[in-house]
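Below are the chains, spelled out letter by letter.
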Amino acid sequence: MSDNRKIMVVGGGISGLTVAVEAAEAGAEVVIVERNPYLGGRVALLNQYFPKLCPPACGLEINFRRIKQNPSISFHTLAEVESITGGPGNYEVTVNLHPRYVNDNCTGCGECAKACTSEIPNPFNYEMDKIKAAYLPYPMAYPFKYVLDPSIIGTDEARQCADACAYAAIDLDMQPVKLKYKVGAVVWATGWDPYDAEKVDYLGLGKYPNVLSSVMFERLAAAGGPTNGKIVRPSDGKPVTTVAFVQCAGSRDENHLAYCSGICCLASLKQATYVREHNPESKAFIYYIDVRAMGKYEDFYTKVDQDENITLIKSKIARITEDRETGGLLIEGEDIINGGHVKQVVDIAVLAVGMVPGTAKVKPELPMEYDDFGFVVSSGESGIIPAGCVKAPMEVAASIQDATAAALKAIQSAMGR
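So, here is what we can say about the structure in this document. Bear in mind that the values here come from a model prediction, so they are computed numbers and not experimental data.

Our next topic: the overall build of the chain. Summing up its helical and strand segments, the chain has 8 helices and 24 strands in all. Scaling as 2.2 N^0.38, a compact globule of 417 residues should have a C-alpha radius of gyration of about 22 Å, and the chain matches this with 23 Å. Dimensions of the chain along its principal axes, counting C-alpha atoms only, are 70 × 55 × 35 Å. Scored against the burial criterion, the 417 residues of the chain give a buried share of 55%. Residue pairs in contact within the chain that sit at least 24 positions apart in sequence constitute 66% of those at least 6 positions apart. When the accessible surface of the chain is totalled, it reaches about 19,000 Å², and 49% of it is carbon and sulfur.

Turning next to the sheet that holds strand 10 (residues 177–183). Backbone-to-backbone hydrogen bonds pair the strands of a sheet. The strands run either parallel or antiparallel. Strand order across the open sheet formed by 3 strands is 4-5-10, with antiparallel pairing between neighbours. Looking along the sheet, the strands with just one partner apiece sit at the ends: strand 4 (79–87) and strand 10. Averaged over all pairs of adjacent strands, the angle between strand axes in this sheet comes to 20 degrees, irrespective of strand direction. Relative to strand 10, strand 5 (residues 90–97) runs antiparallel, the two being bridged by 7 bridges. The partner of Leu97 across the bridge, within strand 10, is Val177.

Summed over the entire model, instances satisfying the criterion amount to 18 salt bridges. In this structure, Lys178 and Glu82 form a salt bridge, with 3.1 Å as the shortest nitrogen-oxygen distance. Here Lys178 is found in strand 10, whereas its partner Glu82 is found in strand 4, with 96 residues between them in sequence. Owing to a relative accessible area of 52%, Lys178 belongs among the exposed residues under this scheme. Given the relative accessible area of 42%, Glu82 is considered partly exposed. Residues joined in a network through salt bridges with shared partners are Glu22, Glu25 and Arg66.

With that out of the way, let us pick up the nonpolar core. Across soluble globular proteins, nonpolar side chains have a tendency to be buried as a group. Counting 63 residues, the largest nonpolar core has Ile7, Ile32 and Val187 as the members making the most contacts within it. Sequence-distant contacts of Val187, that is, excluding residues within four places in its chain, are made with Ile7, Met8, Val9, Val10, Val19, Ile385, Ala387, Ala406 and Ala410. Core analysis: the next-biggest nonpolar cluster, separate from the first, contains 59 residues, Phe50, Val246, Leu266 and Ile348 among them.

By the definition in use, this model includes 9 aromatic pairs. Judged by centre distance (5.7 Å) and plane angle (70 degrees), the ring pair of Tyr38 and Phe124 falls under edge-to-face. In this pair, Tyr38 sits in the loop between strand 2 (29–33) and helix 2 (57–69) while Phe124 sits in the loop between strand 6 (119–121) and strand 7 (130–132), placing the two residues 86 residues apart along the sequence. We classify Phe124 as buried; its relative accessible area is 5%. Residue class for Tyr38 comes out buried when judged on its relative accessible area of 9%. Taken together through their ring pairs, the aromatic side chains of Tyr38, Phe124 and Tyr138 make up a single cluster. Between the NZ or CZ atom of Arg42 and the centre of the ring of Trp192, over which it lies, the distance is 5.3 Å. Positioned above the aromatic ring of Tyr370 is the side chain of Lys363, whose terminal nitrogen or guanidinium carbon lies 5.8 Å from the ring centre.

Another aspect to go through is the sheet that holds strand 14 (residues 242–246). Strand order in the open sheet formed by 5 strands is 13-20-14-15-16, with parallel pairing between adjacent strands. Where the open sheet ends on each side, the last strands, each with one partner, are strand 13 (211–213) and strand 16 (310–314). Each strand of the sheet is rotated relative to its neighbour by a mean of 20 degrees, with strand direction disregarded. Across 3 bridges, strand 13 lies against strand 20 (residues 348–351) in parallel orientation. Counterpart to Ser213 in the pairing with strand 20 is Leu351.

With that out of the way, let us pick up the packing of helix 6 (residues 264–278) against helix 7 (residues 298–305). Contact geometry for helix 6 and helix 7: axes closest at 10 Å, N-to-C directions at 40 degrees. Here helix 6 is positioned oblique relative to helix 7, judged by the angle of their axes. Judged by the twist between their axes, the crossing of helix 6 over helix 7 is left-handed. Residues Leu266, Leu269, Lys270 and Thr273 of helix 6 form the contact with helix 7, whose participating residues are Phe300, Tyr301 and Val304. A class-by-class count of the residues in the contact of helix 6 with helix 7 yields 5 nonpolar, 1 polar and 1 charged.

About the thresholds
Residue indices begin from 1 for each chain and proceed along its sequence in written order. The model is predicted, so local features are restricted to residues of pLDDT at least 70 and side-chain atom pairs to those at 80 or more, both for listing and for counting; the totals for chains, interfaces and linings are taken over all residues. Side-chain measures here rest on the full set of heavy atoms in the structure, leaving out hydrogens and waters. Only DSSP runs of H or I covering at least 4 residues are called helices, and only runs of E covering at least 2 are called strands; the numbering of each starts at the N terminus. The quantity called the radius of gyration is restricted to C-alpha atoms. Its globule counterpart is 2.2 Å times the number of residues to the power 0.38. Relative accessibility decides the category of a residue: with a 1.4 Å probe and only protein chains considered, values under 20% of the type maximum give buried, values over 50% give exposed, and everything between is partly exposed. Contacts are residue-level and defined by heavy atoms, with any inter-residue pair within 4.5 Å sufficient. Per-residue and other accessible areas were derived by the Shrake-Rupley procedure at a 1.4 Å probe size, with only the shown protein chains allowed to occlude residues. Criterion used throughout: strands pair if DSSP finds at least two bridges between them. To obtain an axis, a line is fitted to C-alpha atoms, over the contacting stretch when the element is a helix, and the angle between two such axes runs from 0 to 180 degrees between their N-to-C directions. Note on definitions: salt bridges are taken to be side-chain nitrogens of Lys or Arg within 4 Å of carboxyl oxygens of Asp or Glu. Each nonpolar core is a collection of buried residues, namely Ala, Val, Leu, Ile, Met, Phe, Trp, Tyr and Cys, held together in the definition by side-chain atoms within 4.5 Å. By convention, a stacked pair of Phe, Tyr or Trp rings (six-membered ring in the case of Trp) has centres within 6.5 Å and planes under 30 degrees apart, an edge-to-face pair has planes over 60 apart, and any other such pair is tilted. A positively charged side chain is recorded as over a ring if its NZ (Lys) or CZ (Arg) lies within 6 Å of the ring centre. The angle to the ring normal must also be within 35 degrees. The cut-offs work like this: below 35 degrees is roughly parallel, past 145 is roughly antiparallel, 65 to 115 is roughly perpendicular, and the gaps in between are oblique. Crossing handedness: left-handed means the near helix sits turned counterclockwise from the far one by under a right angle, and right-handed means the same turn made clockwise. Residues are grouped as follows: Ala, Val, Leu, Ile, Met, Phe, Trp, Tyr, Cys and Pro are nonpolar; Asp, Glu, Lys and Arg are charged; every other residue, Gly included, is polar.

Here's what the structure looks like:
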């Protein structure tokens, strides 16, 4: 196959993986570029999907297997696109590879981590715990290879890690590498970031340890999370019996995110089930502006709403402060349906944060048009094709559908049809 018929996929999350496997299995040659040291994106960080409440591991494992078994797919992790020049059917892409300091000899034995004493904040768990500076990103990481954090390179500790490896997998002299690819189409699938709810200062994230964002709580409830799946108060480790889920933490607010991400309500409904399963006596309070659970998800909303220990309250929360008597949090707001005020003490509060496109902070200098929030609204007739959450907030199933369509467009562009 000629180089100009290759497809480059920028982003190795669920959208990028879907584009890659669908395009390759239709006969295209694909290369994936991912900035993290592993493939899987935000989906890899989930505890469960809604509405079936099954773990994401099965879906990811199937895609990883499809990639592993298909010689038409290659990938680079710890990689970023530096530049793209050319036009449809004939692009030149420059990719920068950052050193992993671990080569393909790695068997995942973990001896380097045993020899390492330094710790770093764990990015996979949103820095709620720490990991060794020689680490496997997460137990199901693909590629299943360790990483050495740059902070220990050049130290005796790094040398100890290398000496502990029986497979010569540690390469302390590894340097950045620049690669150039000629491809016929580029799919931009760089995903999304959670909105920084610390900017919503009256909700207390970053100020009170028992206030968590929804993405942090997702990791707290996960078996591979900072507490091995135990839902406890970060401040003192006590079991959680009451949780407030605060919707639209910055969303639908002209001072923050003026739009609705559409999936935050479903995420909180899902997370309320985590609380109930963890402790049958627990109670969850969901404070919402409107509940967005349309179409096939309405049954899921109804099922959760029928749990007598889950209370949905139409309210805009005005303030979260620490309750000194209990060590928990005081939630205050307006009860819109019943009138009066909300005043509830809970163990922890979970802020439902919106989805910010990966193209919001830095807009690639590519032939793509953006809306006021950084979402890609058009790429015209070019062979640069947006996919997934860079286009709009989407849940996993919608992202997969959109990515499948992007794969077809990429094939058409690369093949000149």
